[in-house]
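Structure at a glance
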Amino acid sequence: MSYSLEQLSRHVQGTVHGDSQFQIQQLKSLTQASSDDIAFVNGEKYLTQARQSQAGALIVSADLVTTLADQFQLIVVDSPYLAFAQMTHLFADQAEFEGVASTAKIHPSAIIGANVRIGDFAVIGANVRIGDNSQIFPQVHIAENVTIGHSAWIESHVSIFAKATIGDHVRIHANTVIGSEGFGFAPYQGQWHRIAQLGSVRIGNQVRVGSNCSIDRGALDDTVIDDGVILDNLVQVAHNVQIGKHSAVAAKTAIAGSTEIGANCIIGGASAIAGHLTIVDGVQLTGMSMVTKSILQAGVYSSGTGSLDNTAWKKAVVGFRQLSATPINALLKQIKLLTARVDQLESHPNNVDTTHERANTKPE
Amino acid sequence: MSYSLEQLSRHVQGTVHGDSQFQIQQLKSLTQASSDDIAFVNGEKYLTQARQSQAGALIVSADLVTTLADQFQLIVVDSPYLAFAQMTHLFADQAEFEGVASTAKIHPSAIIGANVRIGDFAVIGANVRIGDNSQIFPQVHIAENVTIGHSAWIESHVSIFAKATIGDHVRIHANTVIGSEGFGFAPYQGQWHRIAQLGSVRIGNQVRVGSNCSIDRGALDDTVIDDGVILDNLVQVAHNVQIGKHSAVAAKTAIAGSTEIGANCIIGGASAIAGHLTIVDGVQLTGMSMVTKSILQAGVYSSGTGSLDNTAWKKAVVGFRQLSATPINALLKQIKLLTARVDQLESHPNNVDTTHERANTKPE
Amino acid sequence: MSYSLEQLSRHVQGTVHGDSQFQIQQLKSLTQASSDDIAFVNGEKYLTQARQSQAGALIVSADLVTTLADQFQLIVVDSPYLAFAQMTHLFADQAEFEGVASTAKIHPSAIIGANVRIGDFAVIGANVRIGDNSQIFPQVHIAENVTIGHSAWIESHVSIFAKATIGDHVRIHANTVIGSEGFGFAPYQGQWHRIAQLGSVRIGNQVRVGSNCSIDRGALDDTVIDDGVILDNLVQVAHNVQIGKHSAVAAKTAIAGSTEIGANCIIGGASAIAGHLTIVDGVQLTGMSMVTKSILQAGVYSSGTGSLDNTAWKKAVVGFRQLSATPINALLKQIKLLTARVDQLESHPNNVDTTHERANTKPE
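The rules behind each value
- Residues numbered from 1 in each chain as written.
- Chains lettered and ligands numbered in written order.
- Predicted model: local features only at pLDDT ≥ 70, side-chain atom pairs only at ≥ 80, totals over all residues.
- Heavy atoms only, no water.
- Helix = DSSP H or I, 4+ residues; strand = E, 2+ residues; numbered from the N terminus.
- Rg over C-alpha atoms; globule rule 2.2 N^0.38 Å.
- Buried < 20%, exposed > 50% of the residue type's maximum accessible area, 1.4 Å probe, protein only.
- Areas by Shrake-Rupley, 256 points an atom, 1.4 Å probe, with all protein chains shown as cover.
- Lys, Arg positive; Asp, Glu negative; His and termini not counted.
- Charge placed at Lys NZ, Arg CZ, Asp CG, Glu CD.
- Least-squares fit on C-alpha atoms with pLDDT ≥ 70 in both.
- pLDDT = per-residue confidence, 0-100.
- Contact = heavy atoms within 4.5 Å.
- Buried area = accessible area lost by both parts, 1.4 Å probe.
- Salt bridge = Lys/Arg side-chain N within 4 Å of Asp/Glu carboxyl O.
- Polar contact = N/O pair within 3.5 Å; in protein donor to acceptor, adjacent residues only side chain to side chain.
- Phe/Tyr/Trp six-rings, centres within 6.5 Å; stacked < 30°, edge-to-face > 60°.
- Nonpolar A, V, L, I, M, F, W, Y, C, P; charged D, E, K, R; others polar.
- Pairing = 2+ DSSP bridges.
- Expected span 1.5 Å × (residues − 1).
- Domains from an automatic or database assignment.
- Disulfide = S-S within 2.5 Å.
- Core = buried A, V, L, I, M, F, W, Y, C linked by side-chain atoms within 4.5 Å.
- Axes fitted to C-alpha atoms, helices over the stretch in contact; angles between N-to-C directions.
- Parallel < 35°, antiparallel > 145°, perpendicular 65-115°, else oblique.
- Left-handed = near helix turned anticlockwise from the far one by under 90°.

Some details on the overall build of chain A
Each helix and strand counted, chain A has 6 helices and 39 strands in total. Over its C-alpha trace chain A gives a radius of gyration of 29 Å, far above what one expects of a compact globule, namely 21 Å for 364 residues. Here chain A, with 364 residues, has 60% of them falling under the buried criterion. Accessible surface, chain A as shown: approximately 13600 Å² in total, 46% of it carbon and sulfur. Looking at charge distribution, chain A has the averaged site of its 24 positive side-chain charges lying 11 Å from that of its 31 negative ones.

In structure tokens:
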């Protein structure tokens, strides 16, 4: 698996400065690359690191050509990071299994496209449809009436239920569950009465779902993940959640029932978003955010306190609890009134206004 | 799958106002229902939405009959939400697989009840017992000596170990692990020495466990989930935890080792409860709660700060850290002393008490 | 499965006080043990509990021998907790399956060691190597080119990809995913462009990974878990994370990409550690810590606020938000200036310094 600079350059719509027949063995980081590898320079701030690299060739933007052309073969592109992303696909390894395993259990009514690979012990239910060029790994379970588009990548131990519909070019990583039952129970006389979930899950095109995620089916309507959304690992998407186009959700985030997240949002890892909220387009949440109210304006939002030395933290928490009896603004008000009284004393030290409403300035 | 109003009404112990032979195709939300569907009105606050609905029939409480009888067929019940929950089961789809798959690997010593369904490539170990009418999905692994009651629903890729005993009418969603080893290690000379876990897991009747949960076996004694408990997805239940009857735990909550949670508790999603604590009956935790001490009184508890605009949040965190050096009550004390001195100045401007212990009022 | 005190004592390098042929049926807690069981006394603070125990024998340290020898048979050791840990292995149950199941799908090029057990419907890819005495549970998927050392324990539904290399004596609990693709996407013109992940995962010896964990492969370099590390359940380890020797990570923790955690760290459950950080050796994080900056000094660190009664919490959060407009130190400064003015008034009540810069003392 080696490529000439010309081949690589064509793949990323770049131009070669240097020997276009130079052979590249691997794509590596600047620090790990050796003389037959290529690395990428993600902007001027990596210039020093680039100059020290042992790489044979670099992917750079036009403004760095004159600086680096003496030392390296170059592929020049608009966005080196994008070119790097595109080039990784040439160097990626391929899945081992081919064709449809004889041990896979495929219901006769299932419709399987051309050039589909299905791994050992996979179970494909009645009326399932799988589009061309899809890869279904071993031990996957796709239950009855699920529809999957073309060029899917569904890793081992994934479970898909609830007549889910999944678009084209969707990647679902190992051990993820799609379309299991939403957490819906009617409390009545001290017990929980299960609400059978009747909705489905609809996943658009070019969606990526990480490993060990849970995406529940809707209660009556559907749970919806729109085109181009990317989810990291261990993400919880509750029933009837909607996530808009090209939003990203980092690992271990939980989104509670019926919440709608707009397009082009970036949700930091380990965040928790309460149910029945609206998060508009373009919202970014930093890691471990706790969202209990709708966010109706694009921007960056955060919560939590960050870590402190344990001794200092204990004291800060004591202070935090004291805020419940004495908010900051109450202190501010007391200081303001006290200041006015001192102003008065300073201006007229012998003529104090004894009608001053002193009670207000006293701490409660 | 269509039902007459009479059939539906009988299922929820209600009474029909209108044409009892009217045929219902689907159960839908008020906004999505069309003329051959039924929807439910969850109290007077949904009255406007109900009046605008295209539903052919509604589930209502008695007080709304006169208002809605002109426009809709009605099923009248005590609790429309409960009736809705009950009615969902009539409209739910059924699992595809029937009987015991020829590809399932069932140990000859296992005792399988009547009318049990076992899916393809399921593995049932020695001395396992499974009660009547249970559904074991494809690719499930039930290890040796596990006992499961009747009417179980165990979805794909569930793993059950450690001689766990599971009651009747239990539902365990896909890719959940029950009875894997608890996280028990003795630290000794800078290394972790594994404590083989000898306890089991006991799960009562009518329990619901979501997808991708981990419920560990106990160290010496058992981990216990009592009757009627409902767990959402991605929940961690550590070794020797006990959860009391009819408690609910929302998604992504972690409960550390040996903690006991009472009955009728509601634990909000993404909460973390430390080990060796007691949470009494009737405690509610709001989402993302952090519990480091026992809670010995029923009530609603919360923690965290909620999300803020990132710029404001950064400033608030600075303030939070300053609380570790200067708690609120220290400020309050300073203001109080200063106020006393100003009182004194105002009362006797020319006769200040110079013995006043001024040091106390000075910021440290 | 019963053992004489002599047998047990030899296993933990202890000495018997009493009848060395006394037969022990089970290892139990002090409170649950009966007359043919053994329990352990973890230090003097458990002395009262020990005296009330029905156990036939106890594991104790030398200083407790005289106190307890009248009442119990004893095994005397340096560390009773360590001895308990070692002794659990004698009483642990064994996996049911033996040899290599005929239903397992093993690629002919895979090299399987001596005395390896492989469960039903396991899938072992091309060029996989598995060391002697390893146990691969049913339905595991080990993809092509993965290497696993000897004495491995790999539970049901584990998925291992990306040419991962795994050391000796490694235990991986059910439904964990190792070597799935890291969450790497280049944002370009409003869309996410997938970066195929080319790195691997390297796991050392004596490592323990809990159930439902996700450990991603590296982007270019590898994700590395060093010898003796123990991970609890539902842990997220992102691409290119490194975890040093003998560190412990409790359940539901997320470690974001490229973060390096040192040796002998203890990370509390449900913590979230941002990406590209350094945590040095010997750091402890209490539960639910939020780490957004590197920690460069050993010690104990914490974050969050702990749970409060909901009404008090709401008020405290209002106070927290007010900190963003008015940090504690601003209040402190105001009080300090006001105090100076009162000092001045008290010293010279009739001769106020009117040049005093009053503006500073006014609340903004």
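A closer look at the relation of the copies chain B and chain A
Expressed as a screw operation, the relation of chain B to chain A combines 0.0 Å of axial shift with a rotation of 120°, fitting to an RMSD of 0.1 Å. What the superposition gives is, in effect, a three-fold axis relating one chain to the other. When each C-alpha of chain B is compared by its distance to the rotation axis, Gly304(B) comes out closest, at 3.5 Å.

A few points about the confidence of the model for chain A
A residue-level look at chain A finds 95% of positions with pLDDT of 70 or above and a mean pLDDT of 94. This model gives residues 351-364 of chain A a pLDDT under 50, and the stretch forms 27 contacts once residues within four places in sequence are excluded.

Some thoughts on the interface of chain B and chain A
Between chain B and chain A, the residue contacts involve 83 residues of the former and 92 residues of the latter. Between chain B and chain A lies a buried interface of about 7200 Å² when both sides are counted; carbon and sulfur atoms form 63% of it. The tally of links from chain B across to chain A stands at 5 salt bridges. Here Asp93(B) ties to Arg217(A) by a salt bridge, and the two come within 3.5 Å at their closest N and O atoms. For the pair chain B and chain A, the interface holds 37 residue pairs in polar contact (both at pLDDT 80 or more). Taken together, the elements giving at least two residues each to the side of chain B that touches chain A come down to helix H4 (80-91), strand E27 (230-231), strand E30 (248-249), strand E39 (308-309), helix H5 (310-322) and helix H6 (328-347) of chain B.

Looking at the packing of aromatic side chains
Inspection of the entire model under this criterion finds 27 aromatic pairs over all chains. Between Phe137(A) and Phe161(C) the ring centres are 5.9 Å apart and the planes differ by 80°, which places this aromatic pair in the edge-to-face class. Residue Phe137(A) is located in the loop between strand E13 (135-136) and strand E14 (141-142), and its partner Phe161(C) is located in the loop between strand E17 (159-160) and strand E18 (165-166); the two belong to separate chains. The same class applies to Phe137(A) as to Phe161(C), namely buried.

Focus: the side chain of Asn233(A)
One can find Asn233(A) in the loop between strand E27 (230-231) and strand E28 (236-237). Beyond its immediate stretch of four places on either side in the chain, Asn233(A) contacts Arg208(A), Gly210(A), Ser211(A), Cys213(A), Ala251(A), Lys252(A), Ser214(C), Asp216(C) and Gln236(C).

Description of the interface of chain B and chain C
Taken residue by residue, the interface counts 92 residues in chain B and 83 residues in chain C. Interface area for chain B against chain C, summed over the two sides, is near 7200 Å², with a carbon-plus-sulfur share of 63%. Among the residues chain B hides against chain C, the three largest losses belong to Phe183(B), Trp192(B) and Met290(B). Together they make up 10% of the total. Inspection of the chain B/chain C interface yields 5 salt bridges. Of the charged contacts in the structure, one is a salt bridge between Arg171(C) and Glu181(B), with a shortest N-O distance of 3.7 Å. Here chain B is connected to chain C by 37 residue pairs in polar contact (both at pLDDT 80 or more). Listing elements by their share of the side of chain B that touches chain C, those giving two or more residues are strand E20 (177-180), strand E21 (185-188), strand E22 (191-194), strand E25 (214-216), strand E37 (290-291), strand E38 (299-302), H5 and H6 of chain B. Its residues assigned to classes, the side of chain B that touches chain C shows 47 nonpolar, 32 polar and 13 charged. Two strands pair when backbone bridges link them, and E38(B) and strand E39 (residues 308-309) of chain C are joined in this way by 2 bridges, in the antiparallel orientation. Within E39(C), the residue paired with Tyr301(B) across the bridge is Asp309(C).

Observations concerning helix H5 (residues 310-322) of chain A
Taking 1.5 Å of rise per residue, the 13 residues of H5(A) would be expected to cover 18 Å, and the 19 Å separating its terminal C-alpha atoms lies within 8% of that figure. The opening residue of H5(A) is Asp309(A), an N-cap whose side-chain oxygen sits 3.1 Å from the backbone nitrogen of Thr311(A).

Some remarks on the domain arrangement of chain A
Looking at the assigned domains, one finds that chain A contains domain 1 (3-91), domain 2 (158-301) and domain 3 (311-361). Between the C-alpha centres of domain 1 of chain A and domain 2 of chain A the distance comes to 38 Å.

Side note on the side chain of Gln322(A)
As for its position among the elements, Gln322(A) is in helix H5. Dropping the residues within four chain positions of it, Gln322(A) is found in contact with Pro327(B), Ile328(B) and Asn329(B).

Quick notes on the sheet that holds strand E32 (residues 260-261) of chain C
All names here are of chain C. Spatial strand order, E9-E12-E15-E18-E23-E26-E29-E32-E35: 9 strands in an open sheet with parallel pairing. The sheet is open, and its two borders are formed by strand E9 (111-112) and strand E35 (278-279), each paired with just one other strand. With 2 bridges connecting them, E9 and strand E12 (residues 129-130) associate as parallel partners. Bridging from a neighbouring strand, Ile-112 pairs with Ile-130 of E12.

Thoughts on H6(B)
Helix length check: H6(B) (20 residues) gives 28 Å between terminal C-alpha atoms against 28 Å at 1.5 Å per residue, within 8%. Within H6(B), the full set of buried residues consists of Ile328(B), Leu331(B), Leu332(B), Gln334(B), Ile335(B), Leu338(B), Thr339(B), Arg341(B), Val342(B), Asp343(B), Leu345(B) and Glu346(B). Where H6(B) is buried, its residues meet H5 and helix H6 (328-347) of chain A together with helix H6 (328-347) of chain C.

Focus on the pattern of salt bridges
With the rule as written, the count across this model stands at 30 salt bridges over all chains. Its salt-bridge partner being Arg194(B), residue Glu181(B) comes within 2.6 Å of it at the nearest N-O pair. Of this pair, Glu181(B) sits in the loop between E20 and E21 while Arg194(B) sits in strand E22, and the two are 13 residues apart along the sequence. Counted as one network, the salt bridges with shared partners bring together Asp93(A), Lys163(C) and Arg217(C).

Describing the state of the cysteines
Overall, the coordinates contain 0 disulfides over all chains when judged by the stated rule. Of all cysteine sulfurs in the structure, the one in Cys213(A) sits closest to Cys213(C), which takes part in no disulfide; the separation is 14 Å. We classify Cys213(C) as buried; its relative accessible area is 0%. Of all cysteine sulfurs in the structure, the one in Cys213(C) sits closest to Cys265(C), which takes part in no disulfide; the separation is 18 Å. Taking the relative accessible area as the measure of exposure, Cys265(C) reaches 0% and is therefore buried.

Brief notes about the nonpolar core
Residues and elements named next belong to chain B. In terms of nonpolar packing, the biggest core is built from 57 residues, with Ile-142, Ile-154, Ile-160, Ile-172, Ile-243 and Ile-273 touching the most fellow members. Among the secondary structure elements, those contributing two or more residues to this core are strand E16 (153-154), strand E23 (201-203) and strand E36 (283-285). Once residues lying within four places of it in the same chain are set aside, the contact partners of Ile-154 are Gln-135, Ile-136, Phe-137, Val-140, Ile-148, Ile-160 and Ile-172.

Some remarks on the sheet that holds strand E14 (residues 141-142) of chain B
All names here are of chain B. Spatially, E8-E11-E14-E17-E20-E25-E28-E31-E34-E37 is the arrangement adopted by the 10 strands of the open sheet, whose pairing is parallel. Either end of the sheet is taken by a strand with one partner, and the two such strands are strand E8 (105-106) and E37. In terms of strand pairing, E8 meets strand E11 (residues 123-124) through 2 bridges, oriented parallel. If you follow Ile-106 over to E11, its bridge partner there is Ile-124.

As for the pairing of strand E6 (residues 57-60) of chain B
All names here are of chain B. Burial of the side chains of E6 extends over both faces: Ala-57 and Ile-59 are buried on one face and Leu-58 and Val-60 on the other. Direction of pairing for strand E5 (residues 37-40) relative to E6: parallel, over a ladder of 3 bridges. Looking across to E6, one finds that Phe-40 is bridged to Ile-59. Pairing analysis gives 4 bridges linking E6 to strand E7 (residues 73-76), with the strands arranged parallel. Along E7, the bridge assignment pairs Val-60 with Val-76.

Some thoughts on the pairing of E38(B)
Summarising the sheet, E36(B) and E38(B) pair through 3 bridges and their orientation is parallel. Within E38(B), the residue paired with Val283(B) across the bridge is Gly299(B).

Here we look at the packing of H6(B) against H6(C)
Helix packing geometry: the angle between the two helix axes and the distance between the axes. The geometry of H6(B) relative to H6(C) is characterised by a closest axis approach of 11 Å and an angle of 25° between their N-to-C directions. When the axis of H6(B) is compared with that of H6(C), the two are roughly parallel. Relative to H6(C), the crossing made by H6(B) is left-handed. Touching Ile328(B), Leu331(B), Gln334(B), Ile335(B), Leu338(B), Arg341(B), Val342(B) and Leu345(B) of H6(B) are Ile328(C), Leu331(C), Leu332(C), Ile335(C), Leu338(C), Thr339(C), Val342(C), Asp343(C), Leu345(C) and Glu346(C), all from H6(C). Of the residues that constitute the contact of H6(B) with H6(C), the class distribution is 13 nonpolar, 2 polar and 3 charged.

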